[in-house]
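Residue-level listing of the chains:
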Amino acid sequence: MAQAVMMAVQLTEWGAEPEVREVPVPRPRGAQVLLRVAAAGLCRSDLHVMDSPAGVFDYPLPLTLGHEVAGTVVEVGPDADPGWLGEPVVVHGIWSCGTCRNCLRERENYCLRTRPRPDGRLVPLGNGLGHHGGLAEAMVVPSARCLVRAGGIDPVDCAPLADAGATAYHAVRGHMDLIDERAVALVVGIGGLGHLAVQILRDLGVRDLVAVDERGEARELAVRLGALAAFDDVAGAVPTVTAAGGADLVLDFAGAPSTVGPAARVLAPGGRLVQVGGAGGRLEVGKDVGLASGWQVAAPFWAARADLAAVVDAARRGALRTTTSTFPLAEAPAVYRALRAGEITGRAVLLPPGA
C-alpha cells in the first residue's frame, strides 16, 4: 500500500527560499505523538536559518520549517499516553534532554545538550530548528513533554504563543520584582513579540508604559493595547520616560544599533535592559560609561515550557490576544518575503488545507 503524503514547507538548500513539497505523512513511534496541524506561525528567526550558509547549523536538509505550532493530537506511539488523543495543544519548540541540571530546574530553554558543538555549529533545537516542524499538515513530536494543552483557544491565536508569546513572557518573568503599578517600562519594537509584551505588562499591572516602533501602524497598535504613548525612535521617547524618573525595565525586541545604546541611557537607577532582538546592536558595559547608578543587562533566550503554559493561561483568560494575518500554507514562500520586507503587522500564521 502506498504511503500517504502531505504538503510541507521545506528548506532544501542553505541560502535559498523554502519550497512547498509533498512528503510522507509521519507516523509516531515509541513515546512520540502525532499532531494534525491547525495553524503555524512564521518567525524572523526562520529567515536567519534559511539565509545562513552551509556549516552554521548542524541541521539535515531537507528540513520542514515551523516552530510555532498548534494542532490536535491524532495518534500516539505505543509508549505514549493515549489520554492525549483528541487534545488541542500547542508545541513547546525546545526539545530538551529533560535530564540535565537546567532541565531539572524547569529551564528547558537553557538545556545543556543544546549548546553549540565545539566547532561552533548550532545543534538541532526543536521543531523547525533541526527537526521537522509544523509548516505541514501533520507533525511528530518526541513526547507529550513537549506539549501544552490549549483547549478553548483559537489555534490561530495559539500558535504564535509558542515563540512570540512565550519569549515575551520569559523576558518579563525574570524581572517580576520590578513590576507593579508603579513601574515605568519601555518596549522597543512592537512586532510579533513586542505587541504581546505590552499586553503581558498591562496584565501584570504596569500602567506607565511607553512604546517605540518606526512603523505608524505598530505605534497605533501599541496604544490600542495599552501603551500611554508611542514614538518612532528611542530619542523621541526620552523626554516622556525621563519625566517619569527613567525606565525600571527596557524590553528591546529590535536589538538594533539604533536602539540598544539609546535605550540603556534612559534606565532609572537599578533599572534593567533586556535585549531580546538580535539586529546587531552592541552595548558597552562598565561602571564608568555613563549608565544609571546600578543597572543590569540581560539577554534571555526563548522560553521554558512553564512560560508557554503561562501565556496559554493568559490567552484563555482573555488577557492576551495575538494580532495575526492568516495565509494558506501553500503561500509560505511569498509570506516569508513579506515578513522579510517588514510588511507583516503582528504575526503571520499559515493554515494547512482543511484547517
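Residues numbered from 1 in each chain as written. Predicted model: local features only at pLDDT ≥ 70, side-chain atom pairs only at ≥ 80, totals over all residues. Heavy atoms only, no water.

Caption draft 1: Region of interest: the overall build of the protein. For the protein, the helix and strand inventory stands at 10 helices and 18 strands. A globule of 355 residues ought to have a C-alpha radius of gyration of about 20 Å, and the protein, at 20 Å, matches this closely. Its C-alpha atoms give the protein principal-axis dimensions of roughly 70 × 45 × 40 Å. When burial is assessed residue by residue, the protein has 52% of its 355 residues classed as buried. The long-range fraction of contacts in the protein, counting pairs at least 24 apart against all pairs at least 6 apart in sequence, stands at 71%. Entry remark: accessible area of the protein is about 15100 Å², with carbon and sulfur atoms responsible for 51%. If you average the places of the 32 positive and of the 38 negative side-chain charges in the protein, the two averages end up 5 Å apart. (Helix = DSSP H or I, 4+ residues; strand = E, 2+ residues; numbered from the N terminus. Rg over C-alpha atoms; globule rule 2.2 N^0.38 Å. Buried < 20%, exposed > 50% of the residue type's maximum accessible area, 1.4 Å probe, protein only. Contact = heavy atoms within 4.5 Å. Areas by Shrake-Rupley, 256 points an atom, 1.4 Å probe, with all protein chains shown as cover. Lys, Arg positive; Asp, Glu negative; His and termini not counted. Charge placed at Lys NZ, Arg CZ, Asp CG, Glu CD.)

Caption draft 2: Molecular detail of the sheet that holds strand β2 (residues 19–24). Ordered in space as β2-β1-β4, the three strands form an open sheet in which the pairing is antiparallel. Two strands close off the open sheet at either side, each with one partner strand: β2 and β4 (63–64). (Pairing = 2+ DSSP bridges.)

Caption draft 3: Up close: the pattern of salt bridges. This model, assessed by the stated rule, comprises 15 salt bridges. Between R173 and D307 there is a salt bridge, with its nearest N and O atoms 2.4 Å apart. With R173 in helix α4 (residues 164–173) and D307 in helix α9 (residues 305–317), the pair connects residues that are 134 residues apart, well separated along the chain. According to the relative accessible area criterion, R173 is partly exposed, its value standing at 36%. Classification of D307 by relative accessible area gives buried; the value is 1%. Residues joined in a network through salt bridges with shared partners are D58, R117 and R121. (Salt bridge = Lys/Arg side-chain N within 4 Å of Asp/Glu carboxyl O.)

Caption draft 4: Broad picture of the packing of aromatic side chains. Throughout the structure, instances matching the rule amount to three aromatic pairs. Each ring, one from W14 and one from F57, has its centre 6.1 Å from the other, and the planes form 15°; the classification is stacked. Of this pair, W14 sits in the loop between β1 (5–11) and β2 while F57 is found in the loop between α1 (44–51) and β4, placing the two residues 43 residues apart along the sequence. In this structure W14 comes out as buried when scored by relative accessible area, which is 18%. Measuring from ring centre to ring centre gives 6.2 Å for F301 and W302, while their planes differ by 90°; the resulting arrangement is edge-to-face. Since its relative accessible area comes to 36%, F301 is described here as partly exposed. One aromatic cluster in this structure is built from W14, F57 and Y59. Above the ring of W84, the side-chain terminus of R149 is found at 3.9 Å from the ring centroid. (Phe/Tyr/Trp six-rings, centres within 6.5 Å; stacked < 30°, edge-to-face > 60°. Lys NZ or Arg CZ within 6 Å of the ring centre and 35° of its normal.)

Caption draft 5: Focus on the packing of α4 against α9. As a packed pair, α4 and α9 sit with axes 8 Å apart at the nearest point and diverge in direction by 105°. In terms of axis orientation, α4 runs roughly perpendicular to α9. On α9, the residues that touch G165, A166, Y169, H170 and R173 of α4 are D307, L308, A310 and V311. For the contact of α4 with α9, the class distribution of residues is five nonpolar, two polar and two charged. (Axes fitted to C-alpha atoms, helices over the stretch in contact; angles between N-to-C directions. Parallel < 35°, antiparallel > 145°, perpendicular 65-115°, else oblique. Nonpolar A, V, L, I, M, F, W, Y, C, P; charged D, E, K, R; others polar.)

Caption draft 6: The arrangement of the sheet that holds strand β16 (residues 295–298) in detail. In spatial order, the strands read β13-β12-β11-β14-β15-β16; together these six strands make up an open sheet with parallel pairing. Across the chains shown, the open sheet's two edge strands, defined by having one partner strand only, are β13 (229–231) and β16. Taken over all neighbouring pairs, the strand axes of this sheet differ in orientation by 15° on average, direction set aside. As paired strands, strand β12 (residues 208–212) and β13 are joined by three bridges and run parallel to one another. In the strand pairing of β13, A211 is matched with A230. Packed on one face of the sheet, helix α7 (residues 234–243) meets β11 (184–188), β12, β13 and β14 (247–252) and runs near 165° to β12.

Caption draft 7: Up close: the side chain of S52. Counting through the fold element by element, S52 comes out in the loop between α1 and β4. Only 2.6 Å separates the side chain of S52 from the backbone oxygen of H48, close enough to count as a polar contact. Sequence-distant contacts of S52, defined by excluding residues within four places in its chain, comprise W14, G15 and F57. (Polar contact = N/O pair within 3.5 Å; in protein donor to acceptor, adjacent residues only side chain to side chain.)

Caption draft 8: Structural detail: unusual backbone geometry. L61 connects to P62 through a cis peptide bond whose omega is 0°. Position of P62 relative to the elements: it lies in the loop between α1 and β4. At E106, a position not held by glycine, the phi torsion is positive, near 60°. Structurally, E106 is set in the loop between α2 (101–104) and β7 (126–127). If you check the backbone angles, W302 has positive phi at about 45° while not being a glycine.

These results come straight from atomic positions and should not be treated as a statement about function.
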